[in-house]
2 protein chains.
Amino acid sequence: MPRYFIGEDAIDGDIITVTGADAVHMGRSLRMREGDAVTFCRQGTEYSCIAERFTSDSVICRIVESFPSMAEPRLRLTVYQAYPKADKAELIIQKCTELGAAAFVFFPSRRCVSKPNDNKAVRWQRIAEEAAKQSGRGIVPEVRTLPSFEAAVTELTSADLPLFCYENGGERLSEQSYDIGTAGIMIGSEGGFDRDEADMARDMGAKHIWLGRRILRCETAPIAVTAVIMDRAGEI
Amino acid sequence: MPRYFIGEDAIDGDIITVTGADAVHMGRSLRMREGDAVTFCRQGTEYSCIAERFTSDSVICRIVESFPSMAEPRLRLTVYQAYPKADKAELIIQKCTELGAAAFVFFPSRRCVSKPNDNKAVRWQRIAEEAAKQSGRGIVPEVRTLPSFEAAVTELTSADLPLFCYENGGERLSEQSYDIGTAGIMIGSEGGFDRDEADMARDMGAKHIWLGRRILRCETAPIAVTAVIMDRAGEI
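Residues numbered from 1 in each chain as written. Chains lettered and ligands numbered in written order. Predicted model: local features only at pLDDT ≥ 70, side-chain atom pairs only at ≥ 80, totals over all residues. Heavy atoms only, no water.

Draft legend 1. Highlighting the interface of chain B and chain A. Counting residues at the interface gives 35 residues for chain B and 35 residues for chain A. Of the roughly 3,200 Å² buried where chain B meets chain A, counting both sides, 48% is carbon and sulfur surface. Summed over the three residues of chain B that lose the most area to chain A, namely R214, R217 and I236 of chain B, the buried surface amounts to 23% of that side. At the boundary of chain B and chain A, one finds ten salt bridges. Across the contact surface, chain B and chain A share 26 residue pairs in polar contact (both at pLDDT 80 or more). Breaking the side of chain B that touches chain A down by element, the ones donating at least two residues are α2 (88-99), α3 (118-135) and α6 (220-232) of chain B. Sort the elements by how many residues they give to the side of chain B that touches chain A and α6 of chain B lands first, with seven residues. Across the side of chain B that touches chain A, the residue classes break down as 15 nonpolar, eight polar and twelve charged. (Contact = heavy atoms within 4.5 Å. Buried area = accessible area lost by both parts, 1.4 Å probe. Salt bridge = Lys/Arg side-chain N within 4 Å of Asp/Glu carboxyl O. Polar contact = N/O pair within 3.5 Å; in protein donor to acceptor, adjacent residues only side chain to side chain. Helix = DSSP H or I, 4+ residues; strand = E, 2+ residues; numbered from the N terminus. Nonpolar A, V, L, I, M, F, W, Y, C, P; charged D, E, K, R; others polar.)

Rendered as structure tokens:
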């Protein structure tokens, strides 16, 4: 069944009004007709609807039933990623959204050689939305940036379980408890984190985590860690 | 330290002779000199060496010490992947090699729309070698193809733990024991497996595995499953 994410202003009582690209998609690409079923999602709630009327630029739908999305992990996981090179951020956002990450925060660190322009932010958010649609998520993960490593660590350490992935050693993912509400994972760019950054993260309350004896690329690490945490949280 | 994979014929007593692209890389790209240290790997054994002589097309090195590679997982995991579209096979090979997969087997299934040509096999093996080098593996995972779904299931079910990932349900990865020698995971193409294929796999001895309530793309599933199994085998 077709499935779209909607904003708060699309809902009025038991009517959902769709405009823009999604309305075009419903009418012209899918050739939906009055009486067809469609699902809308907003912030973890799903709305089963029937399309009632198609206008030139909108679709008016009636809510039949609403319920909490079954596909949302109980554990809210945020990925804190130092800016990687090239298109790696896109791969990270797409794969970690499928696996259940709740939010992405990109930030600069000492060994980052890349800094994205503002166009990237729009593109990254669209990739999160597409991956959320495709994988059947109940929310679109938010993609944000922070201006500094310190700002990112400050936010990371507000999670119930703040994990700092560090190639020079630490505890294992398997040693942590995932019966918690929020977790954050911080991953370096291609060059990793330097010693000062690792020390600062630990001093501010993050736990150093070691990912084993094979060297993972900077885009492989967040995907692997998200998969492992979702498995250990009972979500895979 | 520079690190290369070598064939059996490169070793003679305590001398390793490197030719071809690796010799060019050592001499011209890295500008190595006599007396420089270099590591070679062959099938899980690492050789610490000193470069002794550079000729126009070879490098002669003396073995100082040899020992089993520390980076090889104890669990030997083979990924059985129905042919995916486009470049997805490359992503699967690269990421799962980093994470510790021992071998890759590609095969056709009913819903596959893609079939690679022979050039792909050479390219896929090269991607495995590059990823093995980069991640510090002790072996280069072998990449093979099989002509049919049935041939792939037959091989899969010779593993101690043969897992068939199926969107219509099954056991969880977390319910399995990974204190074993060999495991195989079978993953569908974009369209998944059909009911007959799933039944055949179960009848031949494979265990149906369900990956949770989010729909993973066909290239995300093998990466996530490899990460989870390596974590549960104590390797991440």
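What follows picks up the thread again.
Draft legend 2. Looking closely at helix α4 (residues 149-156) of chain A. Residue and element names in this part refer to chain A. Buried within α4 we find F149, A152, V153 and L156. End-on, the buried residues of α4 take up no more than an arc of 95°, which puts them together on one face. Residues of α4 that are buried make contact with β7 (76-82), β8 (103-107), β10 (161-165), β11 (182-187) and α5 (195-203). (Buried < 20%, exposed > 50% of the residue type's maximum accessible area, 1.4 Å probe, protein only. Arc of directions from axis to C-beta.)

Draft legend 3. Geometry of the nonpolar core. In terms of nonpolar packing, the biggest core is built from 110 residues, with L173 and M186 of chain A together with L173 and M186 of chain B touching the most fellow members. In this view, M186 of chain B contacts Y80, F107, F149, A152, V153, L156, L163, F164, C165 and F193 of chain B; residues no more than four positions away in its chain are not counted. (Core = buried A, V, L, I, M, F, W, Y, C linked by side-chain atoms within 4.5 Å.)

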